[in-house]
Every structure is written in structure tokens, then in C-alpha cells.
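Here is what each chain is made of, one letter per residue.
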Amino acid sequence: MLWRRHKTFPRGIHPPECKDETRGSPIRQFPFAPVMVIPMQQHIGKPAIPVVAEGQEVARGQLLARADGFISVPVHAPASGVVKRIALVPNIDGHMVPGMYLQCFPGATQEVIEGTPCRVETTTPEQIIDAVQQAGIVGLGGAAFPAHAKLRIPEGKTVDTLLINGVECEPYLTTDHRVMLEQTDDIFLGIRYLLKATGAERAIIAVEANKQDAAEKLRRQAPNNLPVMVEVLAVKYPQGAEKMVIQALLNREVPSGHHPYEVHVIGVNVATAAEIGRLLPHGRGIQERVITITGPGVKKKGNYRIPIGTPLRFALEWVGVGDDLAEVFLGGPMMGQAVPSLDIPITKGINGFVAFTEAQIYRAEKVLPCIHCGYCVAACPVRLNPARLGLLAKRERYEEMARSFDLMDCFECGACSYVCPSRIPLVQHFRVAKQRIKKRRAA
Ligand code: SF4
Ligand code: SF4
């Protein structure tokens, strides 16, 4: 075979992939924790509103809370059991939010109840969008934006390409890789729903070159009557960011502050597409998801189908961690966040966690002054000037960062911090600056 250069975007970095230990690990079912912790807000938008009462018995898959408006999704029971308490529960950011505690029935069959099926052949685009909302599906790549809201294309806009994002460039994570290998048919069925809902003419599944087996399987099993193609992209971080994939594949640049539909594209994570294909034909709600549990601190590393609401502490006990556990990252080490507490539950948007021991944790050494090497500028995929932004952040000149240096275009990929020889925590500065600006503008 002739060597050929894979498509990619300009700039970016190459951190170690660290995927070898789980990429070959088939998805296994995780057991049910004795008590599930279920926040009403596991998505961007308004929290869901409970429709059950304390003490009520519920079946797995039953509606626990309904969506509150269009930018909101319902919550379903991850297990059969009894609603112990409707109260404030810890969320992934460590804040207490409205939610409920569900005590599982240990001897229950844990069969999932079915609802009204949504058949792709006989439903309208509106009905599909409604069914996606009723299933409680959010962006499973980590964004947690309600999937149905993304599918509604505004009046006057058109979409020609449905981009199915299976790039998964974050180090350590192999969730999407396994979903592509093991839920291939669910993905194709999900694509049928998505093409109909959006009116796109074709779908492209984007995969990084380190998942050739997944790309080959998808190509082999693609139905003849489905306008879908598989594209393999170069291994580079952050290749999986939506704007980067669009640029690499289609050479279209999404304007600053705009949605991909401005360039006639709609992007959906591959695991989201698979869940749409798995749930909609049965009228089911989402009550579990696939995650990667890995890192030097974990004994049973692997990919698991885990009930939503499983407390992190229970998950860690089950996979086995040593006494030297130092830090757990939700997501991955580049874009993820260190967990504030082990009491937080696995929610819909969590695609994995990575546990590090004391020996592997990089304890921030002394931050040195900027030496103007330009490495951060060369790494930034959206052509920002992180060095300049870092200096302004130090002086708390946040508005100037946004006004003159496009701070709000920073999507916090962390590439600039990764390459900085002076160990300046650039991305942390930018997170703080963006939060301050948003708060000020909302006041
Ligand atoms: S974190 Fe922001 S500024 Fe730094 S490289 Fe990524 S997009 Fe650019
Ligand atoms: S990488 Fe660090 S030291 Fe180099 S220019 Fe950027 S901020 Fe300065």
C-alpha cells in the first residue's frame, strides 16, 4: 500500500497516547451500586423536574424526572429500586444540586422497560428530534449538550454533511474506539435517524489513524443503501475538537463564535449516534453509558457499560485502587478535571476517568517567567496568542483578553500549557478569565 499522509488541521501537539492498556478491552457490564446518586442536571440547560416521590418503587428505565423546556432532557432510573430521598446531591463539579438517591433492589432482574418505539422509516424529522429528547440523550463525548437541541437546524440554514466524530484524541480514553468496534450496527442505525432529522445528504465518520481496526470494521459493515463514508485522520491533539475535524475533513472554517451549521455541517459524537440507534427503536431512555476506567492507579483497567448515577467511590472500589491513589481525572488528563470528591456520581457526559498514583502526579514545580519561546503560539489550534493572554491574565485584564485577543475562542484544550517550558498554567488562567467575564456579563 502506498504511504499517504492523513488529513489534519494546522498546529496542535502530540502528547503520549497511553491507550494501549484498554484499547483491546471489550466493553463489560458494571455491577449496580447499592445506592445510586442521580443529579437532575447532567446536561447543559435547565435541570429536569422530578415526577416520582420519596418511597416510590421504580423500574429500570422508568422516567424519574421530565425535561424543563427545550434545552433540557429527562432523567431515567438507572436501576430498579426505591427512591430513598429527593434532596441535594453532589455533582461532578463538587457543588450540591437537586437530585435523588435511589436504593437498588439487589435481587431484581434489572430488565429495562420499553416505551413507544420510534421507527426511522415511519417518523418525521420532528418526531425523531422529540424521541431523542425523550430518551434523555446528551452529547456523550463530554459536552453534555442536549442532543435533540443540536439537531434542530434554525430556519434559513441548511446542512449537507453529518459529521460522526469518532476521533477520540484525548490520551488514555478508548470508549469511542470500543463503541465503534462493538456497536457498529447501532451507529449505522443512529446515522439513519440523524440524516433524516437534519436533512443532511451524507454522513462522514471521522476516526484517528490509531484506530485502524475500527475504521476497517465500519467500512466493511457500512450498509450499501446508506450514504456514509469513513475518513481516517492524523493522530494529533486536539484533532477531536469539532472545529478541527471540520477543518481537516472539509477544509471549512467555522467562524468565531458560530455553530458548525454556518458551514453546513452538524457534528455528533459516535457514542451519541450509537445510543440513538440503540434506544430509539425501543422507546427507551438512557440509563447507562460506556466509559473507560484506566490509569496507573487502577487494577482492573478497561471499558465498562456503567449505570448512570454510580458513585465514583463504588466504581473505584470495584476496579481496585491502591493506597497510593493520589488524583482522579474525569475525562482525561488534557481536557478533564481533577475530581473534587469521590462521592460524585458518573453522569451522562462522563466518558471515562483516569486514576494516578502519587508517583505519576506532576506536582507543579516553580512557575518561571515567560521566555517568549513561542511554543504555545505554535501549538494553539485556533491561532490565539497564549503567551500574550497569559500576561494579561496575570494582571487581571480580562476584558482586554476577550476584546483584543479573542479569549472566548479558547476551548480550553490545554495544548499551550502542555508545551510551555516555563510551566505557566496558561489554560487554568484562561478558564478563570472566561468565568469572570461570563459572570460580569450576566450581572
Ligand atoms: S487552551 Fe486555548 S489558548 Fe491554549 S492552545 Fe488550547 S485553544 Fe489555544
Ligand atoms: S510557551 Fe510558555 S514560555 Fe514559551 S512563549 Fe508561551 S508562555 Fe512564554
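My aim in this report is to walk through the structure given alongside it, one point at a time. All figures in this text were calculated on a predicted structure; none of them were measured in a lab.

What follows deals with the nonpolar core. General note: in soluble globular proteins, nonpolar side chains tend to be found buried as a group. Ranked by internal contacts, the top residues of the largest apolar core, which has 53 residues, are Leu162, Ile164, Ile187, Ile191, Ile205 and Leu280. In terms of residue count, helix α5 (residues 184–198) provides more of this core than any other element does, seven residues in total. Discounting residues that sit within four places of it in the chain, Ile187 has contacts with Val179, Met180, Ile205, Leu218, Val270 and Ala274. If you look at the next biggest cluster of nonpolar residues, it comprises 35 residues, including Phe30, Met100, Leu312 and Val328.

That bond from Tyr237 to Pro238 is cis: its omega, -5°, falls within 30 degrees of zero. Structurally, Pro238 can be placed in the loop between β11 (228–233) and α7 (242–250). Phi at Glu168 is positive, roughly 45°, even though this residue is not glycine. Positionally, Glu168 belongs in the loop between β9 (161–166) and α4 (175–182). The phi dihedral of Glu396 is positive, around 60°, even though this residue is not glycine. Position of Glu396 among the secondary structure elements: in the loop between α11 (386–394) and α12 (398–405).

Another point: the packing of helix α2 (residues 125–134) against α5. Think of two packed helices as two axes; the pair is described by the angle between the axes and how far apart they sit. Remark: α2 packs on α5, axes separated minimally by 8 Å, with the N-to-C direction vectors making an angle of 125°. The pairing of α2 with α5 is recorded here as oblique in orientation. α2 and α5 meet at a crossing whose hand is left-handed. In contact with Pro125, Ile128 and Ile129 of α2, α5 contributes Tyr193, Lys196 and Ala197. Looking at the contact of α2 with α5 residue by residue, the class counts come to five nonpolar, no polar and one charged.

The rules we used
- Residues numbered from 1 in each chain as written.
- Chains lettered and ligands numbered in written order.
- Predicted model: local features only at pLDDT ≥ 70, side-chain atom pairs only at ≥ 80, totals over all residues.
- Heavy atoms only, no water.
- Core = buried A, V, L, I, M, F, W, Y, C linked by side-chain atoms within 4.5 Å.
- Buried < 20%, exposed > 50% of the residue type's maximum accessible area, 1.4 Å probe, protein only.
- Helix = DSSP H or I, 4+ residues; strand = E, 2+ residues; numbered from the N terminus.
- Contact = heavy atoms within 4.5 Å.
- Axes fitted to C-alpha atoms, helices over the stretch in contact; angles between N-to-C directions.
- Parallel < 35°, antiparallel > 145°, perpendicular 65-115°, else oblique.
- Left-handed = near helix turned anticlockwise from the far one by under 90°.
- Nonpolar A, V, L, I, M, F, W, Y, C, P; charged D, E, K, R; others polar.

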